[in-house]
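# Summary of structural features
Listed below, chain by chain, are the residues.
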Amino acid sequence: MLSLHPALRRPRRRRPPRIGLAVAGGGPIGGMYELGALRALDEALEGFDPTGLDCYVGISSGAFLAAGLANRIDTAALCRILITGDSDDVRFRPEMFMRPALPEYLRRVAGLPRLSLHWWRHRLGLDGPRRASGPGIGGMLPTGLFDNRGLERFLRGVLTRRGRSNDFRRLDGRLHVVAVDLDTGEPVLFGGDGWDDVPISVAVQASAALPGLYPPVEVRGRHFVDGALRRTLHASVLLERGVDLLIGINPLVPFNNSLPERGAADGRGPRRLADRGLPAVLSQTFRTLLQSRMEVGLARYARQYPGVDQMVFEPGEADGELFFANAFSFSSRQRICELAYRNTLSDLRRRAGELEPLLAAHGIRLRAAVLDDEERGLVDGLQAPPPRSTETTARLRRALDDTERLVAARRPRRPRKAPPVV
């Protein structure tokens, strides 16, 4: 489902258009949906290079993808790493993200005697009339079930070889990763002023620390958790940088279980979400809050930034396959990625008439050959994996790519022909 907010007035400019990408969170499954949408945009939009944008902002799993794109890991390479598994560069092992947080468990167990003594002293009135100031019984519980240090190690390994960088300050495009300070509730923009010296891998780890599942991440003595707690896309970060086109991807939308087609498939009518228990209720509540908050923000941005075109891609409200998938399961990642790929191509195909003039203002065209192929799948556009390369050849290939981009940037642009007068 494409939410389109065309610019109310496009100012004349004498510079190349600035394009920003905002990628929301959504756990591993949300990240796979975002990857499928990005792959579809990469193939269907001529003149749009996801690895060469002016700026990026990512939250949680979206921060993982944004960090890769900003380091010029293209969507085909990301699909080989995360989906098909035939990358010659990175070996992706999903189990590394689901290991129990043993250090956190041990730390809580080690503090058990002190907490027990404090609790009994308070219950027996040995501390006097003062109220208990310690953490209480809740302090015995771990702050997260799984260890997120594996994510940081994995991303650090990817970003510190083959000419990539784990340093915000050394990237070509501006990358922002959003996390929330647990003690103040305020968002912090890693990659922004005062926070650009934090390694990208640590920033992504902090942004993806979903409360309850992963422990907060300590940076400079402060504890950080998932950036989606404050905003869904944090698109204002890009708008404030003066982008001309904002592209957003949000995989978390509420599921409409009352649509007629939901019950027509098996003849039994729609099954109520409450019948599926607490996980379905919490998921629907969380998704509804996130999407409504984002819609309000986009409407406000349209008035506040009238010269910016906004495109936000989301799943359809009847996509039950995405809604009922385990958000932290990697087993269905290819199926979800394929779903997003086809949904995004369908959105572009269905609204091509509206999109063509909007995209043309930013030097982008729709590729008819891609959109006309309604049977096209995610792996159809993936070419054979490149020959295995060493660290030296990978750096050489990157240097040649740099040269090609520099030549293209200095090549004079042909003036557009005025439309015929009728």
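Structural data are supplied above this passage.
Notes on the structure follow. All figures in this text were calculated on a predicted structure; none of them were measured in a lab. (Residues numbered from 1 in each chain as written. Predicted model: local features only at pLDDT ≥ 70, side-chain atom pairs only at ≥ 80, totals over all residues. Heavy atoms only, no water.)

## Observations regarding the overall build of the protein chain
- Secondary structure assignment for the protein chain yields 15 helices and 11 strands.
- Here the protein chain, with 422 residues, has 50% of them falling under the buried criterion.
- Across the protein chain, contacts joining residues at least 24 apart in sequence account for 79% of those joining residues at least 6 apart. (Helix = DSSP H or I, 4+ residues; strand = E, 2+ residues; numbered from the N terminus. Buried < 20%, exposed > 50% of the residue type's maximum accessible area, 1.4 Å probe, protein only. Contact = heavy atoms within 4.5 Å.)

## Comments concerning the nonpolar core
- In this structure, L82, L175, F190, V204 and M311 are the most contacted members of the largest nonpolar core, which totals 86 residues.
- Here the element with the most residues in this core is helix 1 (residues 27-44); it accounts for nine residues.
- When near neighbours in sequence (up to four residues on either side) are disregarded, M311 contacts L2, S3, L4, L245, L246, I247, G248, L355, L358 and L359.
- With 20 residues, the next largest nonpolar core counts L246, Y301, Y305 and V312 among its residues. (Core = buried A, V, L, I, M, F, W, Y, C linked by side-chain atoms within 4.5 Å.)

## Side note on unusual backbone geometry
- The backbone of R72 sits at a positive phi, close to 65 degrees, despite the residue not being glycine.
- If you trace the backbone, R72 turns up in the loop between helix 2 (61-70) and helix 3 (75-84).
- Owing to a relative accessible area of 13%, R72 belongs among the buried residues under this scheme.

## Section: the packing of aromatic side chains
- Within this structure, the stated rule accounts for seven aromatic pairs.
- Between the aromatic rings of F92 and F154, the centroid separation amounts to 6.0 Å while the plane-to-plane angle is 65 degrees, which identifies the pairing as edge-to-face. Remark: F154 occurs in helix 6 (residues 149-159) and F92 occurs in the loop between helix 3 and helix 4 (102-110); sequence separation between them is 62 residues. Neither residue differs from the other here; F92 and F154 are each classed as buried.
- Relative to F224, the ring of F190 has its centre 5.3 Å away and its plane inclined at 70 degrees; by these criteria the two rings are edge-to-face. (Phe/Tyr/Trp six-rings, centres within 6.5 Å; stacked < 30°, edge-to-face > 60°.)

## Quick notes on the environment of V90
- With respect to the element layout, V90 can be found in the loop between helix 3 and helix 4.
- Classification of V90 by relative accessible area gives buried; the value is 7%.
- Along the sequence, V90 and F154 sit 64 residues apart, while their C-alpha atoms lie 9.2 Å from each other.
- Each residue touching V90, except ones within four places of it in the same chain, is listed here: I81, F154, V158 and R161.

## Description of a nonpolar patch on the surface
- A surface patch of nonpolar side chains, amounting to about 280 Å² of accessible area, comprises L278, V281 and L282.
- Structurally, L282 is set in helix 10 (residues 278-304). (Patch = residues over 30% accessible without salt bridge, like charges linked within 9 Å, V, L, I, M, F, W, Y side chains within 5 Å. Areas by Shrake-Rupley, 256 points an atom, 1.4 Å probe, with all protein chains shown as cover. Salt bridge = Lys/Arg side-chain N within 4 Å of Asp/Glu carboxyl O.)

## Concerning a positive patch on the surface
- A contiguous patch of positive charge on the surface is contributed by R91, R93, R99 and R153.
- With respect to the helices and strands, the residue R153 is situated in helix 6. (Lys, Arg positive; Asp, Glu negative; His and termini not counted. Charge placed at Lys NZ, Arg CZ, Asp CG, Glu CD.)

## Considerations on the pattern of salt bridges
- Applying the stated criterion across every chain yields a total of 20 salt bridges.
- One salt bridge connects E338 with R342, and the closest N-O pair in it is separated by 3.0 Å. Taken as a pair, E338 and R342 lie in helix 12 (residues 333-350) at a separation of four residues, close to a single helical turn.
- Put simply, D88, D89, R161, R162 and R164 are held in one network by salt bridges that share partners.

## Brief notes about the packing of helix 1 against helix 3
- Helix 3 packs onto helix 1 with a crossing angle of 150 degrees between their chain directions and a minimal axis gap of 9 Å. When the axes of helix 1 and helix 3 are compared, the pair comes out roughly antiparallel. In the crossing of helix 1 with helix 3, the sense of the turn from one axis to the other is left-handed. Residues M32, L35, L38, R39 and D42 of helix 1 form the contact with helix 3, whose participating residues are T75, A76, L78, C79, L82 and I83.
- Broken down by class, the residue content of the contact of helix 1 with helix 3 amounts to eight nonpolar, one polar and two charged. (Axes fitted to C-alpha atoms, helices over the stretch in contact; angles between N-to-C directions. Parallel < 35°, antiparallel > 145°, perpendicular 65-115°, else oblique. Left-handed = near helix turned anticlockwise from the far one by under 90°. Nonpolar A, V, L, I, M, F, W, Y, C, P; charged D, E, K, R; others polar.)

Note that all results are geometric; they support no functional claim without further evidence.
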